[in-house]
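Tertiary structure, described
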Amino acid sequence: MPAPIRLPLFTLVAVTALCLSLGENFPFSNFPMYRSFSDYSYYVYFTDADGKPLPIKDLTGHRTSALKKIYNDEVKDTRKELEAAGAKIDGYQFMTPEQRKPAGEYTLEWLEENAKEGRDGWTSKVKAPVRIHHVDIKVTDGKTTKTDTVVAEK
Amino acid sequence: MLGQLKSASSRLYKAISTPVEHHGLVEILPMRILFAIVCAVSIPNAFNWDGFAYDGQPDPVGLAHFLDLTFLNETGTWTTVLIVYWSALALFGIGLAPAVSATVAALIFNLAGAFEGSQGADKHHLQVIGLTLLVFAVHYIVAAIRAPKSLFRPSYLHHNLAIFHAKQAIVATYLVTAIYKLWYSKFEWIKDSKHFPVQLVKTRDMDYYNSLETPDPSNWFDRLSPAIETFFLNNPNWCRFFIGSGLLLELFAFLALAGRKWGLIFGLALILFHLTISRVMSLTFEENILIIAIFFVNVPGWIHAALKKPAL
């Protein structure tokens, strides 16, 4: 067998450089999941008018993790707007429920209009209004504490 | 000065060069066909002839910056797109006109992926397919430009080099995620990973609110999960060790390009890594697992090698 040819790993270098420089631009990505850790995190979930949790993936086809990303993007935008207006916000955990409200309203509206196939009109199957909850998780001295706040309803 | 520059660039060229592994046609063909099948079933909205159901692209990514992709919502259009896509993949799988078929498949997959990702919740399980298809397309286009005769039926050399480039694209996705984690956290990622249990709590709760299913007491992992959280909370160094080993695996995943054996070792390690994440974090990366199994674990290649080996 002839000796194998040697070639530089240009594709490895090029794809790595493009992904890191272009960021989130499908199919390029810097894969930001779990890019940092802190003692704080949060998630969102949904309830009906009676406060009963809704199985949101079964109802809409969207997972809570995907809905959190949509909500989180809006929270980020709100934070940027507030900071541009002169407010000082040290971290997302310090935003008030009122400041998070537009993100909650946007997520509820998006969810109503973008249920996956065969699930249109899912809101008619639940007792209105649907509420979005924001749950802060914090670790202090090896123990986790959670704080649950209603952000918006529709 | 010029001489020194030439010498430095020559050294760099050698440093990032590696022997191109010979894959027999019995490996290349299954690799391409299996990859084409993974692409066929992984495209967003596959098997739904009605088209997408998004009323816009509120958070555009990729091609959605330049194109209004809502035309993919139209039933007739999407049905046609799917048929063209699957036809292109069938041709690509058997190695016919890959400069055209891989390009069409890459374009359609990346359009659909960009539309899905433009809804504000970009997921990260499809990029590896989009990038690998793109690299295949670029390779075969360049090959067709250099040797127009290879447009319809490229030679073995072109097909073998295509695998060489595709593997690099796959490995690059792991390298990127490791570099970005280190850069973003200012190299404190491993130190901060002691906070990982917060993510475990978050994931477990979010899972519950998907379907309101309570943990199954007969399932050993459901029983073990709270114990893992408590253990990591009380033993931050063990937490750093387990989480940090995942980062090192991603950072050194490029060693999978160092030959068939290294490919197998890193391939199996990365599959185990994904299976663990899938179990612990509910983040499934089935596409990554399949692609690594196809290109790095490469079962047909090992069977072929075993059969070829003369008996002692």
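Located above this text is the structure these notes cover.
Being a predicted model, the structure only gives us computed values, none of them experimental.

1. Examining the interface of chain A and chain B
In this assembly, 62 residues from chain A lie in contact with 77 residues from chain B. Summed over both sides, the interface of chain A with chain B buries roughly 6,400 Å², with 65% coming from carbon and sulfur. The largest per-residue losses of area from chain A upon contact with chain B belong to Phe26(A), Tyr34(A) and Phe37(A), which jointly make up 15% of the total buried on that side. The shortest N-O distance in the salt bridge between Asp207(B) and Arg63(A) comes to 3.4 Å. Inspection of the region where chain A meets chain B yields 22 residue pairs in polar contact (both at pLDDT 80 or more). Residues that form the side of chain A that touches chain B fall into these classes: 34 nonpolar, 14 polar and 14 charged. Bridging between strand β1 (residues 6-8) of chain A and strand β1 (residues 17-19) of chain B involves three bridges; their strand directions are antiparallel. The residue bridging Pro8(A) from the neighbouring strand is Ser17(B), located in β1(B).

2. Overview of helix α9 (residues 220-234) of chain B
All names here are of chain B. Between the first and last C-alpha of α9 there are 21 Å, a value that for 15 residues agrees with the 21 Å anticipated at 1.5 Å per step. Inspection of α9 places Phe 221, Ser 225, Glu 229 and Phe 232 among the buried residues, and these make up the whole buried set. Contact partners of the buried residues in α9: α8 (196-211), α10 (236-251) and α11 (260-281).

3. What to know about a negative patch on the surface
A cluster of like negative charges, contributed by Glu98(A), Glu105(A), Glu109(A), Glu113(A) and Asp55(B), occupies part of the molecular surface. Summarising the element assignment, Asp55(B) is placed in the loop between α2 (25-42) and α3 (75-94). Residue class for Asp55(B) comes out exposed when judged on its relative accessible area of 53%.

4. Concerning α3(B)
For an α-helix, the turn length of 3.6 residues means that residues three or four places apart are oriented alike. Under the 1.5 Å per step criterion, the end-to-end length of α3(B) is 29 Å for 20 residues, consistent within 8% with the ideal 28 Å. In the segment just after α3(B), Gly95(B) is the residue with positive phi, at about 85°.

Reading the values: the criteria
- Residues numbered from 1 in each chain as written.
- Chains lettered and ligands numbered in written order.
- Predicted model: local features only at pLDDT ≥ 70, side-chain atom pairs only at ≥ 80, totals over all residues.
- Heavy atoms only, no water.
- Contact = heavy atoms within 4.5 Å.
- Buried area = accessible area lost by both parts, 1.4 Å probe.
- Salt bridge = Lys/Arg side-chain N within 4 Å of Asp/Glu carboxyl O.
- Polar contact = N/O pair within 3.5 Å; in protein donor to acceptor, adjacent residues only side chain to side chain.
- Nonpolar A, V, L, I, M, F, W, Y, C, P; charged D, E, K, R; others polar.
- Pairing = 2+ DSSP bridges.
- Helix = DSSP H or I, 4+ residues; strand = E, 2+ residues; numbered from the N terminus.
- Expected span 1.5 Å × (residues − 1).
- Buried < 20%, exposed > 50% of the residue type's maximum accessible area, 1.4 Å probe, protein only.
- Patch = residues over 30% accessible without salt bridge, like charges linked within 9 Å, V, L, I, M, F, W, Y side chains within 5 Å.
- Areas by Shrake-Rupley, 256 points an atom, 1.4 Å probe, with all protein chains shown as cover.
- Lys, Arg positive; Asp, Glu negative; His and termini not counted.
- Charge placed at Lys NZ, Arg CZ, Asp CG, Glu CD.

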